[in-house]
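So you can see what is in the structure, the chains are spelled out below.
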Amino acid sequence: MSVLYSPTLRTDYTRSKPGKNNSAIKFVLCYLIASISFNGLFAQEVSKEEQARKEAELKKQEAAALEAKLKANPNMSGRYDVLHDKVTTVKLSGEEEKQLILQKQAAERTKVMADKKNPSLPGVEYKVITTGNEVEYVITNAHKEIYRQTINLPGSIYQKQVIAEKEAIYASNTLRRNLNYPVDALKAEIRSLVNQASSSSRQSNNSRITADYTFNGGGGTIPGGAPTTTSGPASPYPATIAVSGVPAGALVKSVTISGMNHTYSDDIDIVLQSPTGVNVILMSDCGLSDNLVGHNYTFSDGAALSLDDNTALASGTYKPTNFVTGDNWPAPGPGTTPTSTTLSTFGGVNHNGTWNLFIYDDVGGDVGDWASWSITFTDPPVLCFPINLTGQPSNTAICAGANGSFTVVATPPGVTYNWQVNTGSGFTYLTNGGVY
């Protein structure tokens, strides 16, 4: 028997519902797209920050390099300021900017302290150069020549070197105060100073010709005056002059006998004796038989002429003169020992004390006298050579922060010293109390 069933719908449970599956897919796709976009943006931000940090570090390195160049070459200061301003405008992190500011402030404080300790040496140096007979000096700033001058003056190499040293000191000090000081103005100032020094020197020499140290003595008779006609010593014998206040080392410049009268010039023998017993003949056996009437004779080593042995020359300045040897100035005179006829024999010693003038008439029959006499001394000469170092400076080992001292001893007395330090490219003068 056949059975019929009513038709039914078959459900396939293996198939997903379309609405639910589409939503999930969309969510996943959106998430992936957002992730990719976010990662891209994040990577871009990281890259920008890293790039900024690299640029900031590069700028810091450039600033440090410029700082080093500035210390080595002060002429770069203007250029450095411009670049330095650019560096400081770079946007840095807070900590980096703070560190850069602190470094800049520390550098400025160091520079200020250095300027206070040594304000006169901003890199300006000088050298005196001698090539053959030519002397010149060169002034440099940071080893770059800014002024050069040749010494075109007469004199020895040493004299030119001294002048070059003085001019170089003046010029370098001026340029240290103002590197832009006009060269023409500087040359004019130096010429003016040289002319003033020359004028002062001439005035000093002229004043010495007439100023010096002159001491006067009285007159006397030869040998005792009329009617005595025998030979013998003058009266007084000796004639004396007391000398005082003459500086040690002074020289006998001249001796003058004024108002000399005698009826037979050849008879007169005159010797001058110093307080130390040194004897110099001024006049002996001169003029033969000529009369001296009011003659004034000045005796000086620098005179152009000597007295004559046959003629009594007119009043004037003559070299000490003797024509016959073996003359005798009996006691208390020096006897027969005097032979020198140069005032330089007295030397540059202490001339203070009693000077004796011995006048002797060596043949009878004639008489004479003199009115007065005098001695003139001149200051000791200025000695530049030889300068001898009698005590060299010794090496000194000290701890950091301690003070060192160096000394030197030299002759003649009164020598002054300048100390220099080797900078590697030449010597520069030290500043007293400076730190090196």
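Residues numbered from 1 in each chain as written. Predicted model: local features only at pLDDT ≥ 70, side-chain atom pairs only at ≥ 80, totals over all residues. Heavy atoms only, no water.

**Student:** I keep staring at the packing of aromatic side chains and nothing clicks. Help me out?
**Tutor:** Each pair of aromatic rings is reported with the distance of its centres and the angle of its planes. For the structure on display, the rule yields seven aromatic pairs. Geometrically, the ring pair formed by Tyr 237 and Phe 358 is edge-to-face, given 5.1 Å between the ring centres and 70° between the ring planes. Linking Tyr 237 in the loop between β6 (232–233) and β7 (239–243) with Phe 358 in strand β14 (residues 353–361), this pair joins segments that are 121 residues apart in sequence. Under the relative-accessibility criterion, Tyr 237 is labelled buried at 14%. (Phe/Tyr/Trp six-rings, centres within 6.5 Å; stacked < 30°, edge-to-face > 60°. Helix = DSSP H or I, 4+ residues; strand = E, 2+ residues; numbered from the N terminus. Buried < 20%, exposed > 50% of the residue type's maximum accessible area, 1.4 Å probe, protein only.)

**Student:** Got a minute to help me understand the pairing of β7 in this structure?
**Tutor:** Successive residues of a regular strand alternate their side chains across the two faces of the sheet. Every second residue of β7 is oriented toward a common face, the buried set being Ala 239, Ile 241 and Val 243 and the non-buried set Thr 240 and Ala 242. Inspection of the sheet shows β7 paired to β14 by five bridges, in the antiparallel sense. Counted as the bridge partner of Ile 241 is Trp 355 from β14. (Pairing = 2+ DSSP bridges.)

**Student:** I would appreciate a short explanation of a nonpolar patch on the surface in the present structure.
**Tutor:** Residues Leu 389, Phe 406, Tyr 417, Trp 419 and Leu 430 make up a contiguous nonpolar surface patch of roughly 470 Å² in combined accessible area. By secondary structure assignment, the location of Trp 419 is in the loop between β18 (409–411) and β19 (420–422). (Patch = residues over 30% accessible without salt bridge, like charges linked within 9 Å, V, L, I, M, F, W, Y side chains within 5 Å. Areas by Shrake-Rupley, 256 points an atom, 1.4 Å probe, with all protein chains shown as cover. Salt bridge = Lys/Arg side-chain N within 4 Å of Asp/Glu carboxyl O.)

**Student:** Teacher, can you tell me more about the sheet that holds strand β2 (residues 134–141) here?
**Tutor:** Sheet strands associate in pairs through backbone hydrogen bonding, adopting either a parallel or an antiparallel arrangement. Pairing is antiparallel in the open sheet, where three strands are placed in the order β1-β2-β3. Either end of the sheet is taken by a strand with one partner, and the two such strands are β1 (124–131) and β3 (144–150). Between one strand axis and the next, the sheet turns through 20° on average, direction left out of account. Where β2 lies against β3, six bridges are found, and the strand directions are antiparallel. Bridge pairing links Glu 136 to Thr 150 in β3. Running at roughly 160° to β1, helix α4 (residues 157–177) makes contact with β1, β2 and β3 of the sheet. (Axes fitted to C-alpha atoms, helices over the stretch in contact; angles between N-to-C directions. Contact = heavy atoms within 4.5 Å.)

**Student:** Got a minute to help me understand the pattern of salt bridges in this structure?
**Tutor:** Side-chain pairing between opposite charges can occur once the charged atoms of the two side chains come close. The final tally for this structure, using the stated rule, is two salt bridges. Note that Arg 148 is salt-bridged to Glu 136, the shortest N-O span being 2.8 Å. Remark: Glu 136 occurs in strand β2 and Arg 148 occurs in strand β3; sequence separation between them is twelve residues. Measuring nitrogen to oxygen at the nearest pair gives 2.8 Å for the salt bridge that ties Arg 148 to Glu 145.

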